[in-house]
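# An overview of the molecular structure
Here is how the chains run, residue by residue.
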Amino acid sequence: MSRIRARNHEIILRAACIEFAKSGYAGTKIIDIAKQVNLPKPNIYYYFQNKQNLYRCVLESIIDPILAASDPFERHDDPAIALAEYIHTKIRISQEHPDASKVFANEIMHGAPHLPADIAAKLMAQTVMCTAKLNEWMDAGKMDRVDPHHLLFTLWASTQTYADFDWQIRSVTGKAQLDTEDYQTAADLICRLTLRGCGLSLPESS
(Lines give C-alpha, C1' and ligand atoms only; values in the text may rest on other atoms or scores of the structure.)
Protein backbone atom coordinates (compact mmCIF):
# COMPACT_ATOMS: atom_id res chain seq x y z
CA MET A 1 0.00 0.00 0.00
CA SER A 2 2.85 2.38 0.79
CA ARG A 3 4.30 1.86 -2.71
CA ILE A 4 0.92 2.56 -4.31
CA ARG A 5 0.51 5.67 -2.17
CA ALA A 6 3.97 6.93 -3.10
CA ARG A 7 3.36 6.21 -6.79
CA ASN A 8 0.01 8.03 -6.82
CA HIS A 9 1.50 10.93 -4.89
CA GLU A 10 4.25 11.31 -7.51
CA ILE A 11 1.86 10.96 -10.46
CA ILE A 12 -0.46 13.63 -9.06
CA LEU A 13 2.46 15.94 -8.29
CA ARG A 14 3.82 15.67 -11.84
CA ALA A 15 0.38 16.41 -13.29
CA ALA A 16 -0.02 19.36 -10.94
CA CYS A 17 3.33 20.78 -12.09
CA ILE A 18 2.09 20.71 -15.67
CA GLU A 19 -1.30 22.26 -14.87
CA PHE A 20 0.05 25.00 -12.60
CA ALA A 21 2.75 25.81 -15.17
CA LYS A 22 0.12 26.08 -17.90
CA SER A 23 -2.67 27.88 -16.06
CA GLY A 24 -1.16 29.45 -12.95
CA TYR A 25 -2.51 29.10 -9.42
CA ALA A 26 -5.85 30.84 -10.00
CA GLY A 27 -6.55 29.13 -13.33
CA THR A 28 -5.77 25.59 -12.22
CA LYS A 29 -8.65 23.40 -11.10
CA ILE A 30 -8.27 20.23 -9.09
CA ILE A 31 -10.68 18.46 -11.43
CA ASP A 32 -8.31 19.10 -14.35
CA ILE A 33 -5.45 17.48 -12.46
CA ALA A 34 -7.70 14.54 -11.53
CA LYS A 35 -8.68 14.02 -15.17
CA GLN A 36 -5.06 14.09 -16.27
CA VAL A 37 -4.14 11.22 -13.95
CA ASN A 38 -7.45 9.32 -14.31
CA LEU A 39 -8.26 9.51 -10.62
CA PRO A 40 -11.43 10.71 -8.89
CA LYS A 41 -11.26 14.28 -7.62
CA PRO A 42 -11.56 13.16 -3.95
CA ASN A 43 -8.33 11.19 -4.39
CA ILE A 44 -6.42 14.40 -5.02
CA TYR A 45 -7.74 15.79 -1.75
CA TYR A 46 -6.90 12.52 -0.01
CA TYR A 47 -3.22 12.89 -0.93
CA PHE A 48 -2.87 16.69 -0.74
CA GLN A 49 -5.80 17.96 1.40
CA ASN A 50 -6.40 21.12 -0.66
CA LYS A 51 -5.23 23.13 -3.65
CA GLN A 52 -3.01 25.38 -1.53
CA ASN A 53 -1.10 22.43 -0.10
CA LEU A 54 -0.75 20.84 -3.53
CA TYR A 55 0.67 24.10 -4.88
CA ARG A 56 3.12 24.25 -1.99
CA CYS A 57 4.27 20.70 -2.78
CA VAL A 58 4.83 21.72 -6.41
CA LEU A 59 6.90 24.69 -5.26
CA GLU A 60 8.87 22.50 -2.85
CA SER A 61 9.67 20.08 -5.69
CA ILE A 62 11.73 22.84 -7.31
CA ILE A 63 12.76 24.84 -4.23
CA ASP A 64 14.40 21.87 -2.49
CA PRO A 65 16.82 21.23 -5.40
CA ILE A 66 17.45 24.98 -5.73
CA LEU A 67 18.37 25.22 -2.05
CA ALA A 68 20.64 22.18 -2.32
CA ALA A 69 22.37 23.65 -5.39
CA SER A 70 24.34 26.14 -3.28
CA ASP A 71 26.03 23.40 -1.21
CA PRO A 72 29.30 23.89 -3.16
CA PHE A 73 29.56 27.42 -1.73
CA GLU A 74 29.85 25.88 1.73
CA ARG A 75 31.91 22.82 0.81
CA HIS A 76 34.69 24.45 -1.24
CA ASP A 77 37.23 27.16 -0.52
CA ASP A 78 38.01 27.53 -4.24
CA PRO A 79 35.45 29.85 -5.88
CA ALA A 80 36.11 28.37 -9.33
CA ILE A 81 35.12 24.89 -8.19
CA ALA A 82 32.13 26.15 -6.20
CA LEU A 83 30.78 28.29 -9.03
CA ALA A 84 31.30 25.57 -11.64
CA GLU A 85 29.47 22.97 -9.55
CA TYR A 86 26.69 25.45 -8.80
CA ILE A 87 26.18 26.28 -12.48
CA HIS A 88 26.15 22.63 -13.57
CA THR A 89 23.68 21.77 -10.82
CA LYS A 90 21.39 24.66 -11.74
CA ILE A 91 21.35 23.57 -15.38
CA ARG A 92 20.55 20.00 -14.31
CA ILE A 93 17.62 21.31 -12.26
CA SER A 94 16.26 23.07 -15.35
CA GLN A 95 16.61 19.84 -17.30
CA GLU A 96 14.96 17.64 -14.68
CA HIS A 97 12.24 19.98 -13.34
CA PRO A 98 11.10 22.19 -16.25
CA ASP A 99 7.41 22.43 -15.32
CA ALA A 100 8.01 23.08 -11.61
CA SER A 101 10.58 25.70 -12.59
CA LYS A 102 7.95 27.46 -14.70
CA VAL A 103 5.54 27.42 -11.76
CA PHE A 104 8.15 29.06 -9.54
CA ALA A 105 9.07 31.62 -12.21
CA ASN A 106 5.42 32.50 -12.76
CA GLU A 107 4.94 32.90 -9.02
CA ILE A 108 7.88 35.31 -8.81
CA MET A 109 6.80 37.27 -11.88
CA HIS A 110 3.42 37.92 -10.23
CA GLY A 111 5.01 39.21 -7.04
CA ALA A 112 5.04 35.89 -5.15
CA PRO A 113 1.44 36.15 -3.84
CA HIS A 114 1.24 32.44 -2.99
CA LEU A 115 4.87 31.80 -1.97
CA PRO A 116 4.84 30.54 1.63
CA ALA A 117 6.78 32.80 4.01
CA ASP A 118 9.01 29.99 5.27
CA ILE A 119 10.09 29.12 1.72
CA ALA A 120 10.79 32.77 0.93
CA ALA A 121 12.89 32.99 4.11
CA LYS A 122 14.95 29.94 3.12
CA LEU A 123 15.62 31.40 -0.32
CA MET A 124 16.68 34.71 1.21
CA ALA A 125 18.97 32.94 3.68
CA GLN A 126 20.58 31.06 0.80
CA THR A 127 21.18 34.31 -1.07
CA VAL A 128 22.70 35.92 2.02
CA MET A 129 25.03 32.92 2.46
CA CYS A 130 26.12 32.91 -1.19
CA THR A 131 26.70 36.67 -1.15
CA ALA A 132 28.78 36.39 2.02
CA LYS A 133 30.92 33.62 0.50
CA LEU A 134 31.50 35.60 -2.69
CA ASN A 135 32.54 38.65 -0.65
CA GLU A 136 34.81 36.45 1.46
CA TRP A 137 36.54 35.09 -1.63
CA MET A 138 36.90 38.58 -3.08
CA ASP A 139 38.30 39.97 0.17
CA ALA A 140 40.83 37.13 0.19
CA GLY A 141 41.89 37.95 -3.39
CA LYS A 142 40.68 34.60 -4.68
CA MET A 143 38.55 36.19 -7.41
CA ASP A 144 38.07 39.58 -9.03
CA ARG A 145 35.73 41.98 -7.29
CA VAL A 146 32.29 41.94 -8.87
CA ASP A 147 28.86 42.82 -7.51
CA PRO A 148 27.82 39.56 -5.79
CA HIS A 149 24.09 40.18 -6.14
CA HIS A 150 24.28 40.85 -9.86
CA LEU A 151 26.52 37.83 -10.31
CA LEU A 152 23.86 35.65 -8.69
CA PHE A 153 21.10 37.32 -10.73
CA THR A 154 23.08 36.54 -13.89
CA LEU A 155 23.55 32.91 -12.92
CA TRP A 156 19.88 32.46 -12.05
CA ALA A 157 18.79 33.99 -15.35
CA SER A 158 21.25 32.09 -17.53
CA THR A 159 20.54 28.67 -16.01
CA GLN A 160 16.80 28.85 -15.32
CA THR A 161 16.03 30.13 -18.81
CA TYR A 162 16.56 26.59 -20.11
CA ALA A 163 13.41 25.57 -18.23
CA ASP A 164 11.37 28.75 -18.07
CA PHE A 165 11.85 29.74 -21.72
CA ASP A 166 12.42 26.32 -23.23
CA TRP A 167 9.89 27.00 -26.00
CA GLN A 168 12.04 29.85 -27.25
CA ILE A 169 15.23 27.81 -27.01
CA ARG A 170 13.68 24.83 -28.81
CA SER A 171 12.31 27.13 -31.52
CA VAL A 172 15.68 28.76 -32.14
CA THR A 173 17.60 25.47 -32.12
CA GLY A 174 14.93 23.71 -34.19
CA LYS A 175 14.72 20.86 -31.70
CA ALA A 176 11.56 19.30 -30.35
CA GLN A 177 13.45 18.52 -27.15
CA LEU A 178 16.90 19.43 -25.88
CA ASP A 179 19.16 16.49 -25.10
CA THR A 180 21.76 15.97 -22.39
CA GLU A 181 24.52 17.23 -24.66
CA ASP A 182 22.67 20.53 -25.14
CA TYR A 183 22.42 21.07 -21.39
CA GLN A 184 26.09 20.14 -20.94
CA THR A 185 27.10 22.60 -23.65
CA ALA A 186 25.05 25.31 -21.95
CA ALA A 187 26.57 24.62 -18.54
CA ASP A 188 30.11 24.59 -19.94
CA LEU A 189 29.61 27.90 -21.75
CA ILE A 190 28.04 29.62 -18.72
CA CYS A 191 30.93 28.33 -16.59
CA ARG A 192 33.54 29.63 -19.00
CA LEU A 193 31.95 33.06 -19.29
CA THR A 194 31.32 33.38 -15.56
CA LEU A 195 34.69 32.21 -14.33
CA ARG A 196 36.67 34.27 -16.81
CA GLY A 197 34.52 37.27 -15.98
CA CYS A 198 35.46 36.78 -12.32
CA GLY A 199 39.19 36.38 -13.07
CA LEU A 200 39.11 32.64 -12.43
CA SER A 201 40.48 29.66 -14.31
CA LEU A 202 38.30 26.73 -15.27
CA PRO A 203 38.69 23.71 -12.95
CA GLU A 204 40.52 20.87 -14.65
CA SER A 205 37.39 18.68 -14.70
CA SER A 206 35.29 21.35 -16.47
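See the structure printed just above.
Residues numbered from 1 in each chain as written. Predicted model: local features only at pLDDT ≥ 70, side-chain atom pairs only at ≥ 80, totals over all residues. Heavy atoms only, no water.

Taken as a whole and judged by the stated rule, the model has 2 cavities of 30 Å³ or more. Lining the largest cavity, in full, are Ile62, Ile66, Lys90, Ile93, Ser94, Ser101, Phe104 and Gln160. Looking at the lining of the largest cavity element by element, the count peaks at 3 residues for helix H6 (residues 79-96). Tallied by class, the residues present in the lining of the largest cavity amount to 4 nonpolar, 3 polar and 1 charged. Put simply, the second largest cavity is a space of about 30 Å³. Lining the second largest cavity, in full, are Tyr86, Gln126, Thr127, Cys130, Leu152 and Trp156. Among the elements of the structure, helix H8 (117-139) and helix H9 (148-164) are those that each provide at least two residues to the lining of the second largest cavity. For the lining of the second largest cavity, the element with the highest residue contribution is H8, accounting for 3 residues. (1 Å grid on protein atoms, 1.4 Å probe; cavity = no way out; pocket = protein on both sides within 12 Å on 5 of 7 lines; lining within 4 Å. Points joined across faces, edges and corners; volume = space filled by probe spheres on them. Helix = DSSP H or I, 4+ residues; strand = E, 2+ residues; numbered from the N terminus. Nonpolar A, V, L, I, M, F, W, Y, C, P; charged D, E, K, R; others polar.)

Glancing now at the side chain of Thr28. Locating Thr28 in the fold gives a position in the loop between helix H1 (2-27) and helix H2 (30-37). The exposure class of Thr28 is buried, given its relative accessible area of 3%. Among the polar contacts listed, one links the side chain of Thr28 to the backbone oxygen of Glu19, at a separation of 3.1 Å. If sequence neighbours within four positions are ignored, Thr28 has contacts with Glu19, Phe20, Ser23, Ile33 and Lys51. (Buried < 20%, exposed > 50% of the residue type's maximum accessible area, 1.4 Å probe, protein only. Polar contact = N/O pair within 3.5 Å; in protein donor to acceptor, adjacent residues only side chain to side chain. Contact = heavy atoms within 4.5 Å.)

Moving on to the layout of surface pockets. Taken as a whole, the largest pocket spans an internal volume of roughly 560 Å³. Here the lining of the largest pocket gets 6 residues from one element, more than from any other, and that element is H9. Of the residues assigned to the lining of the largest pocket, the class counts are 14 nonpolar, 4 polar and 2 charged.

This paragraph deals with the nonpolar core. In terms of nonpolar packing, the biggest core is built from 57 residues, with Phe20, Ile33, Leu54 and Leu134 touching the most fellow members. Considering every element that reaches this core, the biggest residue donor is helix H4 (residues 51-69), with 9 residues. Ignoring sequence-local partners within four residues, the contact set of Ile33 consists of Ile12, Ala15, Ala16, Glu19, Phe20, Thr28, Ile44 and Leu54. (Core = buried A, V, L, I, M, F, W, Y, C linked by side-chain atoms within 4.5 Å.)

Attention now goes to helix H7 (residues 98-109). For H7, built from 12 residues, the straight-helix expectation of 16 Å at 1.5 Å per residue is met to within 8% by its first-to-last C-alpha distance of 16 Å. Lining the buried residues of H7 we find H1, H4, H8, H9 and helix H10 (166-173). Of the residues one or two after H7, Gly111 is the one with positive phi, at around 85°. (Expected span 1.5 Å × (residues − 1).)

Under the definition given, this model contains 7 aromatic pairs. Both rings, one in Tyr46 and one in Tyr47, keep their centres 5.0 Å apart while their planes meet at 80°; by these two values the pair is edge-to-face. Between Phe73 and Tyr86 the ring centres are 5.2 Å apart and the planes differ by 90°, which places this aromatic pair in the edge-to-face class. Placement of Phe73 in helix H5 (residues 71-75) and of Tyr86 in helix H6 is noted, with a sequence separation of 13 residues between them. The class of Phe73 is buried, set by a relative accessible area of 0%. Overall, the relative accessible area of 3% leaves Tyr86 in the buried class. (Phe/Tyr/Trp six-rings, centres within 6.5 Å; stacked < 30°, edge-to-face > 60°.)

Trans peptide bonds make up most of the peptide bonds, and negative phi angles are found at most residues other than glycine. Unlike most non-glycine residues, Gln49 shows phi in positive territory, near 70°. For Gln49, a relative accessible area of 48% translates into the label partly exposed. Not every positive phi belongs to a glycine, and Ala112 is a case in point at roughly 55°.

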